[in-house]
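# Examination of the molecular architecture
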Amino acid sequence: MTTTSPRGEVTVRQATRADLLSIFRIEKRSFDQPWPYAAFERFLGEHGFTVAERDGEVIGYAVADSVANHGTPLGHLKDLAVDPEHRGEGIGRLLLSQTLTRLFIEGAGRVKLEVRRGNRPARSLYEEFGFELHHVSPSYYDDGEDALVMVREA
């Protein structure tokens, strides 16, 4: 899927090793407690590890997978970020849409994610896509903030 803005066309494709440094830079600019570089290396080759690219520049990414769950796979959106300079352009929506499509095509019956209680922009995006609060994980993050576990059915 692609989207077009005044700056050019955005494409979503599978992440490659050459993308990792750009992904890691976006991660560090996006989160107070970023994933280590090695975490991204472990997801290389996974269908749910994608990047959004415009004019050869990685401007966002998503990391997702699925696991067996009583016969029906459970999708898990593990990480999604857009470079701060490109927020508000629909990149997060595009990545989330593509990720959900991939997970559901692969047979996921539902998809879960964790989001910081205080991350209102992300929560709003997830709610727009039909995610609902499943439960709260108190002090989930290293700094003690709660995580909201949200779920969307296929």
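So, a few notes on the structure that sits alongside this text.

Reading guide: rules and limits
Residues numbered from 1 in each chain as written. Predicted model: local features only at pLDDT ≥ 70, side-chain atom pairs only at ≥ 80, totals over all residues. Heavy atoms only, no water. Helix = DSSP H or I, 4+ residues; strand = E, 2+ residues; numbered from the N terminus. Rg over C-alpha atoms; globule rule 2.2 N^0.38 Å. Buried < 20%, exposed > 50% of the residue type's maximum accessible area, 1.4 Å probe, protein only. Salt bridge = Lys/Arg side-chain N within 4 Å of Asp/Glu carboxyl O. Polar contact = N/O pair within 3.5 Å; in protein donor to acceptor, adjacent residues only side chain to side chain. Pairing = 2+ DSSP bridges. Right-handed = clockwise from strand over helix to strand, strands pointing away. Phe/Tyr/Trp six-rings, centres within 6.5 Å; stacked < 30°, edge-to-face > 60°. Lys NZ or Arg CZ within 6 Å of the ring centre and 35° of its normal.

For the protein chain, the count of helices and strands is four helices and eight strands. When the elements of the protein chain are put in sequence order from the N terminus, they spell out β-β-α-α-β-β-β-α-β-α-β-β. The C-alpha atoms of the protein chain give a radius of gyration of 15 Å, which matches the 15 Å a tight globule of 154 residues would have. Each of the 154 residues in the protein chain was classed as buried or not, and the buried ones make up 45%.

What follows is about the pattern of salt bridges. Here the structure, examined in full by the defined rule, presents 12 salt bridges. Between lysine 78 and aspartate 65 there is a salt bridge, and its shortest N-O distance comes to 3.7 Å. Pair noted here: lysine 78 is in strand β5 (residues 74–82) and aspartate 65 is in strand β4 (residues 57–67), with a separation of 13 residues, a long-range link. Exposure remark for lysine 78: the relative accessible area of 28% places this residue in the partly exposed category. The class of aspartate 65 is buried, set by a relative accessible area of 18%. Overlapping salt bridges bring together Arg13, Asp19 and Glu53 as one network.

Along the chain, arginine 54 turns up in strand β3 (residues 49–54). Of the polar contacts made by the side chain of arginine 54, one reaches the side chain of histidine 86; its length is 3.3 Å.

So, about the pairing of strand β6 (residues 110–116). On a regular strand, one side chain projects to one face of the sheet and the next to the other, so that they alternate. Summarising burial for β6: five of the seven residues are buried, a large majority. Sheet analysis places β5 next to β6, joined by four bridges and oriented parallel. Residue pairing in the sheet places glycine 75 in a bridge with valine 111 of β6. For the crossover that starts at β5, traverses helix α3 (residues 91–105) and ends in the parallel β6, the hand is right-handed.

Here we come to the pairing of β5. Within β5, eight of the nine residues are buried, leaving the element largely enclosed by the surrounding structure. Bridging between β4 and β5 involves eight bridges; their strand directions are antiparallel. Across the sheet, aspartate 65 pairs through a bridge with histidine 76, a residue of β5. The antiparallel pairing of β4 with β5 creates a hairpin that spans six residues between the two strands, and histidine 70 there sits at a positive phi of about 55°.

Further remarks concern the packing of aromatic side chains. Using the criterion set out here, one finds seven aromatic pairs in the structure. Ring centres 5.6 Å apart and planes at 85° place the aromatic pair phenylalanine 40 and tyrosine 61 in the edge-to-face group. You can see phenylalanine 40 sitting in helix α2 (residues 37–43) and its partner tyrosine 61 sitting in strand β4, a full 21 residues away along the chain. Between tyrosine 126 and phenylalanine 131, the aromatic rings sit 5.9 Å apart at their centres with planes inclined by 65°, giving edge-to-face as the arrangement. Tyrosine 126 gets classed as buried once you look at its relative accessible area, which sits at 8%. For phenylalanine 131, a relative accessible area of 3% gives the class buried. Among the aromatic residues, ring-to-ring pairing joins Trp35, Phe40, Phe43, Phe49 and Tyr61 into one connected group. Positioned above the aromatic ring of tyrosine 141 is the side chain of arginine 116, whose terminal nitrogen or guanidinium carbon lies 4.2 Å from the ring centre.

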